[in-house]
Amino acid sequence: MNTAKNWVQRMIVGASVALMAATAAYAQQAINSIEVLVNDEPISSYDINQRLRLVIAVSGGVQSEQEFLKVREQVVQSMVDERLQLQEAATVELEIPDAQLEEFFGRRAQGLGQSPEQFAQALAGIGSSKQTMLDQMEAELAWSQLVQGRLGSFVSVSDEEVEAYIQRIYDNRGKFEYRLAEIVLLVDSTEQEAAVKANAEELVSRIRGGASFPAIAQQLSASSSAAVGGDIGWIVADDLDGPYRKAVDEVSVGDVAEPIRTPGGYLILAVRDRRRILTADPLDTQFSLRQIHLTAEKAQDAEAVAQFKGVVEDLHTRETTCGQVQQFATDAGADGPVEIGVLRLRDLQGQLRGAVEGADIGQASELMEMEDGMRVLFVCDRQEPQVQEPEFDAVYNQLEQQRLSMMGRRYLRDLRRDAIIDYR
């Protein structure tokens with residue numbers, strides 16, 4: 001529940017290490033020299049280093065100059081791709097309005113539990129900037145619209161295909177399906193093979209060490225799924241073959257597989273979740289939650305902790321309801337948000353899952369001392385899991401997006417092949 005806050009903290013810590021590595025590796029480099037020309041359009045060292053600080057921060061920092069150089073090379077390749085995407089969008093006069101970019105930036109900030117202003121300050125704090133993030137978002141949005149506009153009409157999914165897919169779902173009732181996420185790193189030539197493989201292995205190590213998979217996917221993945229943190233949805237086990245099937249068979253839920261070599265490059269695959277097809281799963285039970293939360297900063301104050309614990313002890317001696325939680329929070333001096341919202345049991349881990357699994361409606365859980373402070377949970381509603389029957393339109397859209405994503409990767413590969421890219 002404190003993932004967003006931890007991500008911002010890792011940004012700052014990671015960036016400080018990155019800056020030391022950057023200083024060692026590029027002490028003599030001109031501040032704003034041109035490093036790459038993409039069809040005669042420059043990418044400067046300043047642009048690269050702004051993005052680099054962001055990427056290294058979200059991936060957990062670097063420990064050596066060698067690691068720094070690997071990440072820097074991948075950042076440059078990603079920025080070249082973005083420049084090609086924007087150039088192609090310009091050929092059809094496709095522009096992303098500033099208002100849309102600001103809205104997208106705001107949603108990204110909200111996902112991290114921050115206001116746009118706070119997120120902009122966090123970016124500045126790591127030596128990057130809001131503009132660096134907006135530039136990346138512009139390429140992301142422009143490419144998505146361009147691929148949809150130019151290639152969407154060529155994607156053909158027949159009713160028979162959809163019906164066959166749905167029938168296969170019913171045939172697989174009770175079998176496992178997996179929710180997967182991807183990071184795609186492209187290899188354009190044999191000379192890049194070793195470097196991209198090393199980058200992929202390094203990213204896997206970072207993710208296993210706690211770096212955010214969605215954040216890295218948004219920054220580095222060449223797939224259209226980068227816009228949603230690499231998420232590619234639920235896939236039936238029988239639809240996976242070769243190294244993909246081997247990966248999900250060997251990797252635990254929540255972990256990532258070793259890099260997989262594909263025809264276009266390297267794939268980093270994360271197994272985000274697993275469930276049985278058309279079978280009610282207790283882990284899909286939904287809980288509407290509220291809390292009284294004393295944040296970590298306030299939990300450093302002994303008097304505040306005593307007040308908080310006193311109220312919690314009193315709650316455990318009497319009947320309570322969710323309608324009283326706001327007053328409980330005020331009485332306890334809690335400074336965290338009260339509303340949590342609706343979460344599935346599978347979304348909760350460790351003591352959080354244990355606190356709600358068998359809880360009575362409206363009753364306070366035991367006091368939990370966590371990294372982000374102290375909290376007590378209240379279950380305000382519980383919805384037992386229901387079997388989700390496949391819907392024609394949802395399956396149609398899924399198949400359509402899968403094909404469009406594949407066509408988009410080919411489109412970008414062709415742009416890269418035809419481009420004049422001069423590395424200085």
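Keep in mind it's a predicted model, so treat the numbers as computed, not measured.

*Asks:* Sorry if this is basic, but what is going on with the packing of helix α4 (residues 98-111) against helix α6 (residues 130-151) here?
*Replies:* When two helices pack together, their arrangement is given by the angle between their axes and by how far apart the axes lie. Across the interface, α4 lies against α6 with an axial gap of 10 Å and an inter-helix angle of 110°. Accordingly, the angle class assigned to the pair α4 and α6 is roughly perpendicular. Side by side, α4 and α6 meet where Q100, L101, E102, F104, F105 and R108 of the first sit next to K130, M133, L134, M137, E138, E140, L141 and Q145 of the second. Tallied by class, residues from the contact of α4 with α6 come to 7 nonpolar, 2 polar and 5 charged.

*Asks:* Honestly, the state of the cysteines in this entry has me stumped. Any pointers?
*Replies:* Any covalent bond linking the sulfur atoms of two cysteines counts as a disulfide. Tallied over the full model, the rule gives 1 disulfide. Paired through a disulfide, C322 and C380 show a sulfur-sulfur distance of 2.0 Å. Negative torsions about the S-S bond denote left-handed disulfides, and the value of about -100° found for C322 with C380 makes this one left-handed. Residue C322 is located in the loop between α11 (302-315) and α12 (325-332), and its partner C380 is located in strand β10 (residues 373-383); the two are separated by 58 residues in the primary sequence. Comparing C322 with C380, the two get one shared label, buried.

*Asks:* How should I be thinking about the packing of aromatic side chains in this particular structure?
*Replies:* Any two aromatic rings considered together are summarised by their centre-to-centre distance and by the angle between their planes. The full count for this structure, using the stated rule, is 3 aromatic pairs. Between F328 and F378, the aromatic rings sit 5.9 Å apart at their centres with planes inclined by 25°, giving stacked as the arrangement. Here F328, found in helix α12, pairs with F378, found in strand β10; they are 50 residues apart in sequence, far enough to count as distant. Looking at F328, the relative accessible area reads 4%, which means it is buried. A cation sits over an aromatic face here: R275 above W234, 3.8 Å from the ring centre.

*Asks:* Whenever I open this one, helix α7 (residues 159-171) confuses me. Can you help?
*Replies:* An α-helical segment advances 3.6 residues per turn. Residues three or four places apart therefore align on the same side. Here α7 spans 18 Å end to end across 13 residues, near enough to the 18 Å set by a 1.5 Å rise per residue. When α7 is considered as a whole, its buried residues turn out to be V162, Y165, I166 and I169. Buried residues of α7, viewed axially, fall in a sector of 95°; they line one side. Among the exposed residues of α7, those oriented more than 90 degrees off its buried face are E160 and D171. The elements touched by buried residues of α7 are α14 (392-418).

Criteria and thresholds
Residues numbered from 1 in each chain as written. Predicted model: local features only at pLDDT ≥ 70, side-chain atom pairs only at ≥ 80, totals over all residues. Heavy atoms only, no water. Axes fitted to C-alpha atoms, helices over the stretch in contact; angles between N-to-C directions. Helix = DSSP H or I, 4+ residues; strand = E, 2+ residues; numbered from the N terminus. Parallel < 35°, antiparallel > 145°, perpendicular 65-115°, else oblique. Contact = heavy atoms within 4.5 Å. Nonpolar A, V, L, I, M, F, W, Y, C, P; charged D, E, K, R; others polar. Disulfide = S-S within 2.5 Å. Buried < 20%, exposed > 50% of the residue type's maximum accessible area, 1.4 Å probe, protein only. Phe/Tyr/Trp six-rings, centres within 6.5 Å; stacked < 30°, edge-to-face > 60°. Lys NZ or Arg CZ within 6 Å of the ring centre and 35° of its normal. Expected span 1.5 Å × (residues − 1). Arc of directions from axis to C-beta.

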